[in-house]
Amino acid sequence: MLRAAVILLEDQHLALIRRERAGQVYYLLPGGGVEPGESLTEAARREAEEELGVQVAVGRLVAEVLRAGDRQFYFLAQSLGGAFGTGAGDEMVGPVSPTAGSYQAVWLPVARLLAEPVFPRELCRLIVASAGSGVWPEVVASFRDDGRLAV
């Protein structure tokens, strides 16, 4: 499966989806599966609107993560408008079930990323380093299942 997601930063806060599932709380970057005929950037844009309620301009690819055989692509994004927290995707407005859990759009301070259960962890380290310096890697970072940088 291909997954496309956005890295949306504002005022040193990162837009995330707070998940509560099976008694556990964790966070993911907004994104989801790429639909047939859809490009990675189109999927990232659509998912941001469905999950966050905001329209975004999708920028450059900064990371690719291989997890359990799935390829995940993470793009820098900039908000163009909309109302944060009003995402109307099925997972955001559907009934909360014990198996699916709940979804909530939240802003988390970048300084808290490594202290909270935010996934993928390896990408959090890259975001913390890059957001603090304002410089993103020139080459797309690629991470393996074990969280190590692929070379």
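Residues numbered from 1 in each chain as written. Predicted model: local features only at pLDDT ≥ 70, side-chain atom pairs only at ≥ 80, totals over all residues. Heavy atoms only, no water.

K.L.:
I'm lost on the pairing of strand β3 (residues 24-28) in this one. Help?
P.N.:
Every other side chain in a regular strand lies on the same face of the sheet, so the side chains alternate between the two faces. In the sheet, strand β2 (residues 13-21) pairs with β3 via five bridges, with the strands oriented antiparallel. Bridging from a neighbouring strand, Arg21 pairs with Gln24 of β3. Bridge analysis of β3 against strand β8 (residues 118-119) gives two bridges, and the strand direction is parallel. Looking at β8, one finds that Tyr27 is bridged to Val118. (Pairing = 2+ DSSP bridges. Helix = DSSP H or I, 4+ residues; strand = E, 2+ residues; numbered from the N terminus.)

K.L.:
Please explain the environment of Val6 as it appears in this structure.
P.N.:
Here Val6 is to be found in strand β1 (residues 2-10). On the basis of relative accessibility, which here comes to 0%, the residue Val6 falls in the buried class. Each C-alpha atom, one on Val6 and one on Met92, is 17 Å from the other, the two residues being 86 residues apart in sequence. Ignoring sequence-local partners within four residues, the contact set of Val6 consists of Leu29, Pro30, Ala44, Ala48, Val56, Phe75 and Ala77. (Buried < 20%, exposed > 50% of the residue type's maximum accessible area, 1.4 Å probe, protein only. Contact = heavy atoms within 4.5 Å.)

K.L.:
Help me out: how do you make sense of the packing of aromatic side chains in this one?
P.N.:
Remark: the centre distance and the inter-plane angle together describe each pair of aromatic rings, the angle taken between the planes. Here the structure, examined in full by the defined rule, presents two aromatic pairs. Residues Phe84 and Trp107 carry aromatic rings whose centres are separated by 4.5 Å and whose planes lie at 25° to one another, so their mutual orientation is stacked. One end of the pair, Phe84, is in the loop between β6 (70-82) and α2 (90-93); the other, Trp107, is in strand β7 (residues 102-109), and 23 residues separate them in sequence. Exposure remark for Trp107: the relative accessible area of 30% places this residue in the partly exposed category. Lying across the ring of Tyr103, Arg19 places its NZ or CZ 3.8 Å from the centre. (Phe/Tyr/Trp six-rings, centres within 6.5 Å; stacked < 30°, edge-to-face > 60°. Lys NZ or Arg CZ within 6 Å of the ring centre and 35° of its normal.)

K.L.:
Help me out: how do you make sense of helix α3 (residues 121-133) in this one?
P.N.:
Compared with the 18 Å implied by 1.5 Å per residue over 13 residues, the 19 Å span of α3 between its first and last C-alpha is a close match. Where α3 is concerned, the buried positions are Glu122, Leu123, Cys124, Leu126, Ile127, Ser130 and Ala131. At its buried positions, α3 is contacted by β1, β2, β5 (54-67), β6, β8 and β9 (141-143). At the C-terminal side of α3, Gly134 shows a positive phi close to 80°. (Expected span 1.5 Å × (residues − 1).)

K.L.:
Explain the pattern of salt bridges to me, please; I cannot follow it from the model alone.
P.N.:
Opposite charge on two side chains permits pairing when their charged atoms draw close. Across all of its chains, the model carries seven salt bridges by this definition. Residue Glu35 pairs with Arg46 through a salt bridge whose shortest N-O separation is 3.6 Å. Here Glu35, found in the loop between β4 (31-33) and α1 (40-52), pairs with Arg46, found in helix α1; they are 11 residues apart in sequence, far enough to count as distant. Between Arg46 and Glu50 there is a salt bridge, with the nearest N and O atoms lying 3.3 Å from each other. (Salt bridge = Lys/Arg side-chain N within 4 Å of Asp/Glu carboxyl O.)

Take it as geometry only, folks, not as evidence of what the structure does.
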